[in-house]
Amino acid sequence: MSEADVAFGRMRTFVSALASGGVRHACVSPGSRSTPLALALWREPRVRVHVHLDERASAFFALGLAKATGVPAAVVCTSGTAAAELFPGVVEAHMSRTPMLLLTADRPPELRGVGANQTIDQVELFGRYARWFVDAPVPDEADDPEVWHQLAARAVAQAFAHHPPGPVHVNLPFREPLVPAAALEPAEEIRVGYTHTAAPSARLEELNPVLDAIAAADRGLVYTGSLRLDAGPFVELARSLAWPLIAEPTSGLRVPGSLSAGQLLLSNERFRSAHRPELVIQVGAAPTSRPALALVAEAEHLVVVDPDDLVADPARRAELRLVADPAEVGRELAERAGPRSSDGWLQGWEEADGRARRAADPVMDAWEEPFEGRIARDVASAVPDGSVLCVGSSMPVRDLDAFMLPRNGVRVLANRGASGIDGFVSTVLGVAASGAPTFALLGDLTLLHDAGSLLWSARRGHDAVFVVPNNGGGAIFSFLAQREIPDAELEGLFITPHGLDDLSRVAEAAGARHAFVEHAGDLIPAVLRAHGSGGVWIVEVPSDRERNVARHAEVHAAVAAALEEQPDPPRR
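What you see is a predicted model, and the numbers here were worked out from it, not measured in a lab.

Criteria and thresholds
- Residues numbered from 1 in each chain as written.
- Predicted model: local features only at pLDDT ≥ 70, side-chain atom pairs only at ≥ 80, totals over all residues.
- Heavy atoms only, no water.
- Buried < 20%, exposed > 50% of the residue type's maximum accessible area, 1.4 Å probe, protein only.
- Helix = DSSP H or I, 4+ residues; strand = E, 2+ residues; numbered from the N terminus.
- Phe/Tyr/Trp six-rings, centres within 6.5 Å; stacked < 30°, edge-to-face > 60°.
- Pairing = 2+ DSSP bridges.
- Axes fitted to C-alpha atoms, helices over the stretch in contact; angles between N-to-C directions.
- Contact = heavy atoms within 4.5 Å.

Peer 1: I keep staring at helix α15 (residues 395-403) and nothing clicks. Help me out?
Peer 2: An α-helix turns once every 3.6 residues. As a result, residues three or four positions apart point the same way. Of all nine residues in α15, eight are buried; the element is thus mostly enclosed. Within the sequence span of α15, burial applies to Met 395, Pro 396, Val 397, Asp 399, Leu 400, Asp 401, Ala 402 and Phe 403.

Pasting the structure below:
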């Protein structure tokens, strides 16, 4: 039996065990050294293969699949810089606790370190960003096939059957020849089941200090940042304690019962100062917005429920941090803390929340031209129940946080592990490949940064609607300290205008469809038509960058004026 036939046979066994462990998707980039593995995946009926020209896009596509399904997708590439291209997606998967299987082909040991073509040091290439690494043996006829069963089983287990989940790296060296002479018989199917392990349970004694802190605080607040796991019982906890709940959309708790204008309230320094909580219970990742970070940092006491062990306390203020299942913690706290009557604390927040909403919405609705805050609000309100709304970094995630109305029936995903804009289009298309109705809100630079994925994948049967406010560059810098830099440097180094005032040419090149929306009231009909038509759509909404900054200021001014009419709570 030739070396190629042996390698192919061992990879059939390896892939069969992956499939038995629940792997259903593999993202493969073309390359010679990975031939035995790519062929084995292609011929495995339980695995759907997605081919990507660009390895970086492939990794982010797999990331989207894993975020949507909770099950790791495999990413396969050839040796050399192809493996290095996976790194940005690996970092995001590590930081967001997303399972992923990185299967990199490599040269055999005798060709390493001797100047062989397309060979780099791939041993532990991703460092601590891979939660587990193995440099597999070169397939050999003398191998016991059970070795490859066990290797696949352990890789899947390390990716998502232990807590927290994350990327694992299996480096697979192959000797030439690489193409088998004939197709082999299917490998014996190995039935191995895996169950995703949730965050560890909190011991009852660990909750006692939290209960003591709750008992000592009359005026508290629950804040939920980005979450991968269900934390629904914290809605009931906040209601039971008569405390306000501020929930970021990516927490999954921007639902009825949470404040609808929490970020607008926190952005008002006078209100935030007058409503400083004695205790903040923060669930999940650290807050996204600067005002919310200030709220947490200024609280008299801070408890962090950190299910994915993110160490979500950048100000180092937490007196207690629990690495535990948030649903279990919230449920136990709600049962043991018991309901308490409100002294007007919650009513004050709810009244202010209503004032802020009633001030902000009419201002936005009066503008005929699209405003990016309204775009975020309207898209989040209009997507059908059961949809996934993917939100890009920089301004879109902040606008969604500020303006999204509470609702049920939509899941909000974002690449907030490392908060980059790279690979976002690939992530959205990966989510779409899971079969979920998929929408995305993203900036123009985020779209263009990953335009290669759009060019490659838009014709491949995916359904996704990309809503893109086109403001001609990096609008977030107009809200940051960089705005004080002289205009020429601000534009050249940070805003980086791209000069594309019509993205239809990008859509046409990619084989995507395009809609251009000039009036605010036309946006949602256009988005829903695109969704109903199927395929990949770019719904482009022009936005003037300077006017957008001014419009944000007008909304905040209207909220401030409304809050002036509300008396501050009595001092305690």
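Read on, since the account is not over.
Peer 1: Honestly, unusual backbone geometry in this entry has me stumped. Any pointers?
Peer 2: Phi is mostly negative for residues that are not glycine, and the peptide bonds are mostly trans. The residue after Glu 176, namely Pro 177, is reached through a cis peptide bond having omega 0°. Of note, Pro 177 is situated in the loop between β6 (167-173) and α7 (204-216). Look at Gln 118: it is not a glycine, yet its phi comes out positive at around 55°. Tracing the sequence through the fold places Gln 118 in the loop between β4 (100-106) and β5 (132-135). A positive phi angle, close to 55°, is found at Glu 124, a residue other than glycine. Positionally, Glu 124 belongs in the loop between β4 and β5.

Peer 1: How should I be thinking about the packing of aromatic side chains in this particular structure?
Peer 2: We describe a pair of aromatic rings using the distance from one ring centre to the other and the angle between the two ring planes. Per the counting criterion, the structure on display carries eight aromatic pairs. With centroids separated by 6.3 Å and ring planes inclined at 90°, the aromatic side chains of Phe 14 and Trp 148 adopt a geometry described as edge-to-face. Taken together, the positions of Phe 14 in helix α1 (residues 3-20) and Trp 148 in helix α6 (residues 145-161) put the pair 134 residues apart, joining distant regions of the chain. In this pair, the class of Phe 14 matches that of Trp 148, namely buried.

Peer 1: Sorry if this is basic, but what is going on with the sheet that holds β6 here?
Peer 2: Picture the strands of a sheet paired through backbone hydrogen bonds; they go either parallel or antiparallel. Pairing in this open sheet of six strands is parallel, and the strands run β2-β1-β3-β4-β6-β5 from one edge to the other. The open sheet has two edge strands, β2 (48-51) and β5, and neither has a second partner. Geometrically, the sheet is characterised by an average inter-axis angle of 20° between neighbouring strands, direction not taken into account. With four bridges connecting them, strand β1 (residues 25-28) and β2 associate as parallel partners. From the neighbouring strand, Val 28 faces β2, where its bridge partner is Val 51.

Peer 1: Looking at this structure, I do not really get the side chain of Arg 272. What am I missing?
Peer 2: Assignment of secondary structure puts Arg 272 in helix α10 (residues 269-274). Contact partners of Arg 272, with chain neighbours within four places excluded, come to Leu 265, Leu 266, Pro 291, Ala 294, Leu 295 and Glu 298.

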